[in-house]
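Remarks on the overall topology
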Amino acid sequence: MRTKYAIRRLVEKALDIKKLTPEIENEINSELTENGYISDVDYEALELLMAEMDAGRVKLVPSWGY
């Protein structure tokens, strides 16, 4: 993806569709692995995603389930 705040954009996508798909999760992991660090903006986005998942507003989709 290689854009500024790529993780935030991926989180926005998950929030829009209310699902964390395996593709989005893999892209987030790839960004984290390639960069080796996380910006404050991306960190806050991941915190929001986790909070939305904990509240049941975003569902984790298994790789075989969509």
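Further up the page is the structure itself.
Right, let's walk through the structure included here. (Residues numbered from 1 in each chain as written. Predicted model: local features only at pLDDT ≥ 70, side-chain atom pairs only at ≥ 80, totals over all residues. Heavy atoms only, no water.)

Looking now at the pattern of salt bridges. Within this structure, the stated rule accounts for two salt bridges. Its salt-bridge partner being E12, residue R8 comes within 3.3 Å of it at the nearest N-O pair. Here R8 and its partner E12 are both found in helix α1 (residues 6–17), four residues apart, which amounts to about one turn of the helix. Under the relative-accessibility criterion, R8 is labelled partly exposed at 29%. For the salt bridge of E52 with R57, the shortest nitrogen-to-oxygen distance reads 2.9 Å. (Salt bridge = Lys/Arg side-chain N within 4 Å of Asp/Glu carboxyl O. Helix = DSSP H or I, 4+ residues; strand = E, 2+ residues; numbered from the N terminus. Buried < 20%, exposed > 50% of the residue type's maximum accessible area, 1.4 Å probe, protein only.)

The nonpolar side chains of soluble globular proteins are, as a tendency, buried together. In terms of nonpolar packing, the biggest core is built from eleven residues, these being I7, L10, V11, A14, L20, I24, I28, A45, L46, L49 and V58. Of all the secondary structure elements, the ones that give two or more residues to this core are α1, α2 (22–35) and α3 (40–54). The element contributing the most residues to this core is α1, with four residues. The contacts of L20, once residues within four sequence positions are left out, are A14, E25, L49, M53, V58, K59, L60 and V61. (Core = buried A, V, L, I, M, F, W, Y, C linked by side-chain atoms within 4.5 Å. Contact = heavy atoms within 4.5 Å.)

Here the focus is unusual backbone geometry. At Y5, a residue that is not glycine, the phi angle is positive and equals roughly 60°. Along the chain, Y5 turns up in the segment before α1. The backbone of K18 shows a phi angle near 60°, a positive value even though the residue is not glycine. Structurally, the position occupied by K18 is in the loop between α1 and β1 (19–20).

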